[in-house]
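Residues per chain are reported as follows:
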Amino acid sequence: MDTELLKLFSSLYGELDIDDILLESQAGIAKRFLLNEEKKPENFLDIVDHLQALPVAYSEVIKVLRIAATLPETTASNERLFSSLEIVKNYLRSTTGDDRLSHLLLMFAEKDLVKNWTTTSLLTILQR
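Quick look at the structure, then.

The rules behind each value
All chains use their own residue numbering, which begins from 1 and follows the written sequence. Only residues with pLDDT of at least 70 get local features here, since the model is predicted, and only at 80 or more are side-chain atom pairs given and counted; chain-wide, interface and lining totals rely on the full set of residues. The basis for the side-chain values is all heavy atoms of the structure; hydrogens and waters are excluded. Helix and strand definitions follow DSSP, with helices as H or I runs of at least four residues and strands as E runs of at least two, each counted in order from the N terminus. Residue exposure (1.4 Å probe, protein chains only): buried if accessible area is under 20% of the type maximum, exposed if over 50%, otherwise partly exposed. Any two residues whose heavy atoms approach within 4.5 Å are treated as being in contact. For this count, His and the chain ends are skipped, Lys and Arg are scored as positive, and Asp and Glu as negative. A single reference atom marks each charge: NZ on Lys, CZ on Arg, CG on Asp, CD on Glu. Axes, fitted as lines to C-alpha atoms, cover a helix only where it is in contact. Angles between the N-to-C directions of the axes lie from 0 to 180 degrees. Note on angle classes: values under 35 degrees are labelled roughly parallel, values over 145 roughly antiparallel, values of 65 to 115 roughly perpendicular, and the remainder oblique. For this scheme, ten residues count as nonpolar: Ala, Val, Leu, Ile, Met, Phe, Trp, Tyr, Cys and Pro. Four count as charged, namely Asp, Glu, Lys and Arg, and the remainder, Gly too, count as polar. Throughout this description, the term nonpolar core refers to a set of buried Ala, Val, Leu, Ile, Met, Phe, Trp, Tyr and Cys residues connected via side-chain atoms within 4.5 Å.

For the rest of this paragraph, the subject is the overall build of the protein. Across its full length, the protein carries eight helices and zero strands. For the protein, the N- to C-terminal ordering of α and β elements is α-α-α-α-α-α-α-α. Each of the three principal axes of the protein carries a C-alpha extent, and together these read 80 × 30 × 25 Å. Buried positions account for 16% of the 128 residues belonging to the protein. Across the protein, contacts joining residues at least 24 apart in sequence account for 51% of those joining residues at least 6 apart. Taken as two groups, the 14 positive and 20 negative side-chain charges of the protein have centres that lie 6 Å from each other.

Our next topic: the packing of helix α2 (residues 20–35) against helix α3 (residues 44–51). As a packed pair, α2 and α3 sit with axes 11 Å apart at the nearest point and diverge in direction by 105°. In this view, α2 runs roughly perpendicular relative to α3, as classed from their interaxial angle. Only I47, H50 and L51 of α3 make contact with α2, whose side of the interface consists of A30, F33 and L34. Across the contact of α2 with α3, the residue classes break down as five nonpolar, one polar and no charged.

Moving on, we come to the nonpolar core. As a rule of thumb, nonpolar side chains are buried together in soluble globular proteins. By size, the foremost hydrophobic cluster in this structure holds 15 residues, and its most contacted members are L23, L51, Y58, V61 and V64. Of all the secondary structure elements, the ones that give two or more residues to this core are α1 (3–12), α2, α3 and α4 (59–70). Looking at this core, the element that brings in the most residues is α4, giving five residues. Leave out the neighbours within four places in its chain, and L23 touches L6, S10, I18, E60, V61 and V64.

As structure tokens, then:
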């Protein structure tokens, strides 16, 4: 395991109080442990399962692996989301009429008044 990479990774998530020295030693022990296993882990989740059998012995490594498990492998899903958002925004822009835009602009300009509105007061205004 690349100890410099582990230190960099743990420094990025400093708010989790990952002990660099302990992480480095646990990573070395974990590597030897996993290499000596009869049934070698085939994927990331297998590694996590093997190490969680001894949570006290590999506490820092398990923290780092849990963080790594939440990181996306690619940005494709994020890009698809923003692409969809752009399509929705373009649709809303093209279908929003001048009256609505004018009213939204007025609400933005008078945002101090709008903040004090309640559902009841809006219903009263709309009933007129």
